[in-house]
Structures are given as C-alpha cells and as structure tokens.
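Architecture and fold: a report
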Amino acid sequence: MDRAIEVPKSLENEIRSIAAHTLRPVAPSDEAREALQKRIKTLLIEQDAVLVVHYYVDELLQILADETGGYVGDSLGMAYFGRDHRAQTLLVVGVRFMGETAKILNPEKRVIMPDLDATCSLDLSCPVDEFSAYCDEHPDRLVVVYANTSAAVKARADWMVTSTNAVDIMKYLKAEGRKVIFASDKHLGRYVQQQSGIDMLCWQGFCVVHDEFKTVELQRMMQLYPDADVLVHPESPEGVIALADVVGSTSQLLRAARESAAKQLIVATDYGLFHKMHQAAPGKELIVAPTGGEGATCISCAHCPWMAMNGLENLCQVLETGINQIHVPEEIRIKALVPIERMLKFSR
Ligand code: 13P
Ligand code: SF4
C-alpha cells in the first residue's frame with residue numbers, strides 16, 4: 001500500500017460506542033412468530049412487495065425470503081435482484097447502504113427497511129466532507145468506493161465495488177494505468193492492492209465484526225482442527241487472511257463451503273451466513289473463527305450489531321405502516337448512480 005488515510009481515534013471510539021448500544025429485537029414466542037410470518041406473507045402480496053435479504057440477518061428472515069419468492073444473498077446480488085424484480089416495493093433487510101443502493105437504482109420503487117438506524121461501521125468511518133476534501137487534493141486519482149458507504153460518498157466516486165468484484169475491478173483499472181483512492185475498508189483495501197498491484201491511497205475504515213478476528217488464536221484453533229479449511233472474508237486483518245485457504249465475499253465463501261473436501265470449516269465472517277452454509281454443505285461442521293483473546297474488543301463477536309436489528313416484528317411493522325422509507329436526494333442519486341452502474345455493467 002502506498003499511503004493510508006487514518007480515521008481519527010475519536011471517531012473510531014464513537015463508532016464502537018454506537019455499535020455497543022444497538023437495540024436488538026426480542027425473539028417472539030412460537031405463537032407470535034407464526035402469526036407474524038403469516039401476516040407478513042399476506043402484506044407482501046397485498047402491497048406488491050418483495051424481500052431482499054442479506055446473508056447476515058436472522059435465519060427466520062432468510063427463510064421467509066425464500067418462502068415468498070424473495071432473495072437472500074450478498075450486497076452485489078441484492079442490487080441486481082432489486083433492480084430486475086418487477087415488485088413496486090423492495091423491503092430491504094440488511095443495513096442502510098443496501099437500502100440506499102436499491103433506491104438509487106430504482107427511484108420509481110418504494111424502498112423500505114425494518115430499521116433505518118441499522119448502519120455499518122464502514123459507512124460511519126467515512127464522513128463525506130472529509131472524504132470529498134481528500135479526493136479534491138488528489139485529482140489525478142480515480143475514486144473507488146466500497147458498497148458499504150453512504151449515498152453521498154458514492155456520489156463523489158467514479159467506481160463502486162463489492163467484495164465479490166473488488167479485485168477484478170482493481171486489476172482492470174491497473175491495466176488501464178490508473179491510480180486510485182479507495183474507501184473505506186483498510187483490510188479489504190490492502191488485500192485488493194496486494195492482489196492487483198494498483199497504486200492506491202486507502203482510507204482506514206474498519207468493520208466492527210471482521211476487524212476482531214484474531215491471528216494467534218486462529219493458529220491455535222487450526223492446531224485443534226488440523227484438517228479444517230479456513231474461509232475468510234477480506235474485511236478481516238492481514239494475519240487472518242494470510243492463514244486462509246479461501247478469501248472471498250459472502251457468496252464466494254458459500255461456494256467454497258460447498259466445494260471444499262474438508263469436513264470441518266473454520267469461518268471468519270458473520271455467523272449469519274451459517275444458515276445458507278448449512279444448506280449448501282450439509283454434514284460439514286462450521287466453526288466460528290476466534291474473536292476473543294489478546295487485544296479483543298469485540299462488541300458483538302462474529303455477528304453484526306446492525307444486521308441484528310432486523311426482526312420479524314419491525315419487518316411486519318414497516319409493511320403495516322409504510323414507515324422507514326429510504327429517500328435519496330435526486331442530485332445525489334444521479335451522481336451515485338454512475339459508479340454503481342459502472343460496476344453492475346462490469347460484473348455482468
Ligand atoms: P458482501 O458484499 O460479501 O455481502 O459483504 C457485505 C458486508 O457487509 C460484509 O461485512
Ligand atoms: Fe458493516 Fe461489518 Fe456489519 Fe458488514 S458486518 S454491515 S461491514 S459493520
């Protein structure tokens with residue numbers, strides 16, 4: 001990596017504090033759960049709505065999406081699905097940037113989310129004014145941003161990437177002779193820089209979940225399970241990535257789980273993905289990579305505190321009331337559409 005742009009310690013502390021104080025829905029009783037599931041199914045039909053769900057949310061929500069013709073997948077797949085589906089309402093169940101991306105791509109559709117406070121530490125790590133000023137200082141560089149950023153940050157960018165296509169897009173830009181600024185994940189930035197060899201200035205944002213996976217403890221765990229394959233999301237620290245058999249986005253890790261010959265898999269990502277991994281690789285033992293140990297500060301070990309804000313009750317409530325609509329100002333939407341569409345075209 002050529003140079004890095006640090007996130008101030010005060011902002012990092014503020015983000016950790018927000019993550020520590022998220023409100024998780026209380027699990028409903030069996031009876032209440034069945035009633036909610038039934039009511040949501042009726043409302044989805046009545047309101048011409050479809051569920052667009054990320055792998056990290058509660059498995060009950062993933063099951064509901066599967067049962068109702070919705071989608072469960074990674075952030076890239078969610079963007080394609082929302083854009084291509086004919087429903088007039090997209091009920092995006094994940095975190096805020098996913099709802100914003102859906103709205104940017106589908107201004108004519110209603111986009112609603114169970115809780116608009118469900119954000120992402122990578123989004124919070126990259127305030128638009130500071131980021132934009134930094135970009136202004138480097139007019140010779142293309143601005144490439146991760147999907148996990150605000151609509152306003154995307155509006156300042158030339159390209160958007162997700163963890164599924166970041167390496168391919170950087171290799172392409174490197175071949176074009178371009179230099180880049182990348183925001184906002186420090187570990188993903190370093191990983192794609194190493195894979196592509198591109199000249200990069202990297203914003204040092206962090207994911208409160210993946211940043212907590214621990215290298216030494218993972219080595220110890222690998223000694224306990226010597227035949228296990230290690231699957232790692234690239235938002236994890238460098239030492240953890242170095243121990244991986246497979247590094248990839250959620251959908252790439254899911255494929256790796258299916259294709260791996262190992263009977264045990266140590267997985268360094270949010271354990272919400274285990275629902276689909278169990279389906280894809282029945283009979284394999286899934287083990288959460290360690291987040292405890294020396295230097296541990298994790299607030300919500302291996303499970304995103306903001307993804308966890310989505311539940312059956314608030315999902316039903318937004319359908320009943322129509323609250324929690326995503327709005328993106330038109331001048332921002334038009335600009336943010338450019339890097340998103342560039343990426344979607346590249347990835348298809
Ligand atoms: P994916 O793009 O792999 O779904 O990752 C999104 C995310 O938030 C990972 O923490
Ligand atoms: Fe953001 Fe990390 Fe949560 Fe993904 S897991 S949404 S990167 S905080």
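Quick summary incoming for the structure in this document. (Residues numbered from 1 in each chain as written. Chains lettered and ligands numbered in written order. Predicted model: local features only at pLDDT ≥ 70, side-chain atom pairs only at ≥ 80, totals over all residues. Heavy atoms only, no water.)

Moving on, we come to helix H9 (residues 166-175). Turning to H9, its buried residues number three or more, namely Ala166, Val167, Ile169, Met170 and Leu173. One face of H9 carries all of its buried residues, which in axial projection span an arc of 165°. Buried positions along H9 lie against strand S6 (142-146), strand S7 (159-161), strand S8 (180-183), helix H10 (186-196), strand S9 (200-203) and helix H16 (330-347). In the stretch just after H9, Gly177 is the one whose phi turns positive, near 80°. (Buried < 20%, exposed > 50% of the residue type's maximum accessible area, 1.4 Å probe, protein only. Helix = DSSP H or I, 4+ residues; strand = E, 2+ residues; numbered from the N terminus. Arc of directions from axis to C-beta. Contact = heavy atoms within 4.5 Å.)

Here we take up the pairing of S9. Neither face of S9 is open: one carries Met200 and Cys202, the other Leu201 and Trp203, and all of them are buried. With respect to chirality, the unit in which S8 leads through H10 into the neighbouring parallel S9 is right-handed. (Right-handed = clockwise from strand over helix to strand, strands pointing away.)

Here S8 shows no split at all, with Val180 and Phe182 on one side and Ile181 and Ala183 on the other all buried. By the bridge criterion, 4 bridges tie S6 to S8 in an arrangement that is parallel. Counterpart to Leu142 in the pairing with S8 is Val180. As paired elements, S8 and S9 share 3 bridges and run parallel to each other. The residue bridging Val180 from the neighbouring strand is Met200, located in S9. (Pairing = 2+ DSSP bridges.)

Moving on, we come to the packing of helix H4 (residues 75-84) against helix H5 (residues 96-105). Two numbers describe how H4 lies on H5: the axes approach to 9 Å, and their chain directions differ by 35°. Viewed along their axes, H4 and H5 form a crossing whose handedness is right-handed. Judged by residue contacts, Ser75, Met78 and Ala79 of H4 engage Phe97, Met98, Thr101 and Leu105 from H5. (Axes fitted to C-alpha atoms, helices over the stretch in contact; angles between N-to-C directions. Left-handed = near helix turned anticlockwise from the far one by under 90°.)

This brings us to empty space enclosed by the protein. The tally for this structure, following the rule as stated, stands at 2 cavities of 30 Å³ or more. What the largest cavity holds in volume is close to 250 Å³. Contributing to the lining of the largest cavity are 24 residues, with Tyr56, Phe97, Asn148, Glu235 and Met307 lying nearest its centre. For the lining of the largest cavity, a count of residues per class yields 13 nonpolar, 9 polar and 2 charged. Mapped by element, the contributors of at least two residues to the lining of the second largest cavity are H4 and H5. In terms of residue count, the dominant contributor to the lining of the second largest cavity is H4 (5 residues). For the lining of the second largest cavity, the residue count by class is 11 nonpolar, 4 polar and no charged. (1 Å grid on protein atoms, 1.4 Å probe; cavity = no way out; pocket = protein on both sides within 12 Å on 5 of 7 lines; lining within 4 Å. Points joined across faces, edges and corners; volume = space filled by probe spheres on them. Nonpolar A, V, L, I, M, F, W, Y, C, P; charged D, E, K, R; others polar.)

Another aspect to go through is the side chain of Asp270. Summarising the element assignment, Asp270 is placed in the loop between strand S12 (264-268) and helix H14 (274-280). Here Asp270 is buried and forms no salt bridge, its nearest opposite-charge partner Arg24 lying at an N-O distance of 7.9 Å. Setting aside residues up to four positions removed in sequence, Asp270 forms contacts with Tyr56, His210, Ala302, His303 and Cys304. (Lys, Arg positive; Asp, Glu negative; His and termini not counted. Salt bridge = Lys/Arg side-chain N within 4 Å of Asp/Glu carboxyl O.)

Another point: the pattern of salt bridges. If charged atoms from side chains of opposite charge come close, those side chains can pair. Summed over the entire model, instances satisfying the criterion amount to 18 salt bridges. Asp211 is paired through a salt bridge with Arg16; the nearest N and O atoms lie 3.7 Å apart. Within this pair, whereas Asp211 is found in the loop between S9 and helix H11 (215-224), its partner Arg16 is found in helix H1 (residues 9-20), the two being separated by 195 residues in sequence. Like Asp211, the residue Arg16 is buried in the burial classification. Between Glu320 and Arg39 there is a salt bridge; the shortest N-O distance is 2.8 Å. Of the two residues, Glu320 is situated in helix H15 (residues 312-321) and Arg39 in helix H2 (residues 30-46); the sequence distance between them amounts to 281 residues. According to the relative accessible area criterion, Glu320 is partly exposed, its value standing at 42%. Overall, the relative accessible area of 32% leaves Arg39 in the partly exposed class.

With that settled, consider the nonpolar core. By size, the foremost hydrophobic cluster in this structure holds 124 residues, and its most contacted members are Leu51, Val92, Phe131, Phe182, Met277, Trp306 and Leu319. Dropping the residues within four chain positions of it, Trp306 is found in contact with Ile15, Ile18, Ala19, Thr22, Val95, Asp117, Ala118, Thr119, Cys120, Ser121, Leu124 and Val208. (Core = buried A, V, L, I, M, F, W, Y, C linked by side-chain atoms within 4.5 Å.)

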